[in-house]
Amino acid sequence: TPPASNTTEAFNNTSNPTHRGLKITMPVTCQAIGAVAFVDLDAATDLVLYDTNGSTAIETIAAQDKDIRSGTSAGHIPFLFSQARTLTAGSTYRVVLRPASSSNVGIGTFTTTDDGSLCAIDLFDLGQNACYTSCNGTPSNTGSWTDSLTKRTQISLIINAYDVPVGGGRPAFGDRTGGKS
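Here is what the cut-offs are and how they apply
- Residue indices begin from 1 for each chain and proceed along its sequence in written order.
- Restriction of local features to residues with pLDDT of at least 70 applies here, the model being predicted, together with a cutoff of 80 or more for giving and counting side-chain atom pairs; totals for whole chains, interfaces and linings are based on all residues.
- Side-chain measures were taken over the full set of non-hydrogen atoms in the model, leaving aside hydrogen atoms and water.
- A pocket, in this scheme, is an open set of points on a 1 Å grid over the protein atoms alone with protein on both sides within 12 Å along at least 5 of 7 lines, while a cavity is a set where a 1.4 Å probe fits but cannot get out; residues line either one if an atom lies within 4 Å of a point.
- Grid points are joined across faces, edges and corners, and a volume is the space filled by probe spheres set on the points.
- Here a helix means four or more residues in a row that DSSP labels H or I, a strand means two or more in a row labelled E, and each is numbered from the N terminus.
- Classification convention: Asp, Glu, Lys, Arg as charged; Ala, Val, Leu, Ile, Met, Phe, Trp, Tyr, Cys, Pro as nonpolar; all other residues, Gly among them, as polar.
- To qualify as a nonpolar core, a set must consist of buried Ala, Val, Leu, Ile, Met, Phe, Trp, Tyr and Cys residues joined through side-chain atoms within 4.5 Å.
- Burial here depends on accessible area, computed with a 1.4 Å probe over protein chains only, as a share of the maximum for the residue type. Under 20% is buried, over 50% is exposed, and the range in between is partly exposed.
- Any two residues whose heavy atoms approach within 4.5 Å are treated as being in contact.
- The working definition used for a salt bridge is a side-chain nitrogen of Lys or Arg within 4 Å of a carboxyl oxygen of Asp or Glu.
- Each aromatic pair joins two rings of Phe, Tyr and Trp (for Trp, the six-membered one) with centres within 6.5 Å, and gets the label stacked for planes under 30 degrees apart, edge-to-face for over 60, and tilted for any other angle.
- A ring has a charge above it when a Lys NZ or an Arg CZ is no more than 6 Å from the ring centre and no more than 35 degrees off the ring normal.

J.: Describe the layout of surface pockets, and please don't skip the residues or the numbers.
T.: Approximately 340 Å³ is the volume found for the largest pocket. The wall of the largest pocket is formed by 16 residues, among which L126, R152, I155, S156 and L157 lie closest to the centre. At the level of elements, β2 (19-25), β11 (151-153) and β12 (155-162) are the ones that each hand at least two residues to the lining of the largest pocket. The leading source of residues in the lining of the largest pocket is β12, at 4 residues. The class makeup of the residues in the lining of the largest pocket is 11 nonpolar, 3 polar and 2 charged.

J.: Any details on unusual backbone geometry? Residues and values, ideally.
T.: Residue N16 is joined to P17 through a cis peptide bond whose omega torsion reads 10 degrees. For P17, the location among the structural elements is in the loop between β1 (5-11) and β2. In this structure, L126 takes a positive phi of about 70 degrees despite not being glycine.

J.: For the nonpolar core, give the residues involved together with the corresponding values.
T.: L47, F79, L87 and L157 are the most contacted members of the largest nonpolar core, which totals 28 residues. At the level of secondary structure, the elements contributing two or more residues to this core comprise β2, β3 (30-40), β4 (45-50), β6 (75-87), β7 (92-99), β8 (105-111) and β12. Per-element accounting of this core gives the leading share, 5 residues, to β3. Excluding its chain neighbours within four sequence positions, the residues that come into contact with F79 are I33, G34, A35, A37, L41, L47, I61, A63 and L97. V48, Y50, C135 and W145 belong to the second-largest nonpolar core, a separate cluster that totals 5 residues.

J.: How would you explain the pattern of salt bridges if you had to name every residue and give the values?
T.: Scanning all chains against the criterion turns up 6 salt bridges. One salt bridge in this structure joins K151 and E9, with 2.3 Å as the shortest N-O distance. Separated by 142 residues along the polypeptide, K151 in strand β11 and E9 in strand β1 bring together distant segments of the chain. In this structure, K23 engages D147 in a salt bridge whose closest nitrogen and oxygen atoms are separated by 2.9 Å. One end of the pair, K23, is in strand β2; the other, D147, is in strand β10 (residues 146-148), with 124 residues separating them in the sequence.

J.: Outline the packing of aromatic side chains, supporting the account with residue identities and numerical values.
T.: Under the definition given, this model contains 2 aromatic pairs. Judged by centre distance (5.4 Å) and plane angle (65 degrees), the ring pair of Y50 and W145 falls under edge-to-face. Residue Y50 is located in strand β4, and its partner W145 is located in the loop between β9 (130-135) and β10; the two are separated by 95 residues in the primary sequence. Using a relative accessible area of 3% as the deciding quantity, one classes Y50 as buried. Relative accessible area serves as the criterion here: at 7%, W145 is assigned to the buried category. Ring centres 4.9 Å apart and planes at 45 degrees place the aromatic pair F110 and F124 in the tilted group. One end of the pair, F110, is in strand β8; the other, F124, is in the loop between β8 and β9, with 14 residues separating them in the sequence. In this structure F110 comes out as buried when scored by relative accessible area, which is 9%. When the ring centre of Y132 is taken as reference, the NZ or CZ atom of K151 above it lies at 4.2 Å.

Structure, rendered in structure tokens:
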């Protein structure tokens, strides 16, 4: 099932919400070295990786200067962390864009359907363990965030190592059920 719609959401530091991105519950313990986001960076923007408490920034990366980018339209932009970050299996993190000015930036999103018995996001990698998240203003805890199981941003973590589950096997990154039953 393809996404119901694809769009680039424009927002800035005066929009509501001011933070938009990906909420992800890790299927395995892994090392993330950055993220790739489909964005239109027409203004200064930070990519922020929030810890499991929803308010502590583990990493904040300023996006490249909009005046030295290779093009003026949306594209996949890498954001590399200052060091590898350990993300723990079963823990939930947020990777979001936070514009630094009142000029708009754009973030790629897609929506899916949910008919009450089937949430189509489950057909994508990580299923409901990876969804759209947003917050207006500075988050104080996980309750500051609003999540949507029918929407996802086009942000992906760059993983360079992961722990193999006890007894061997492979991590469940391709699990289309998102670990939900």
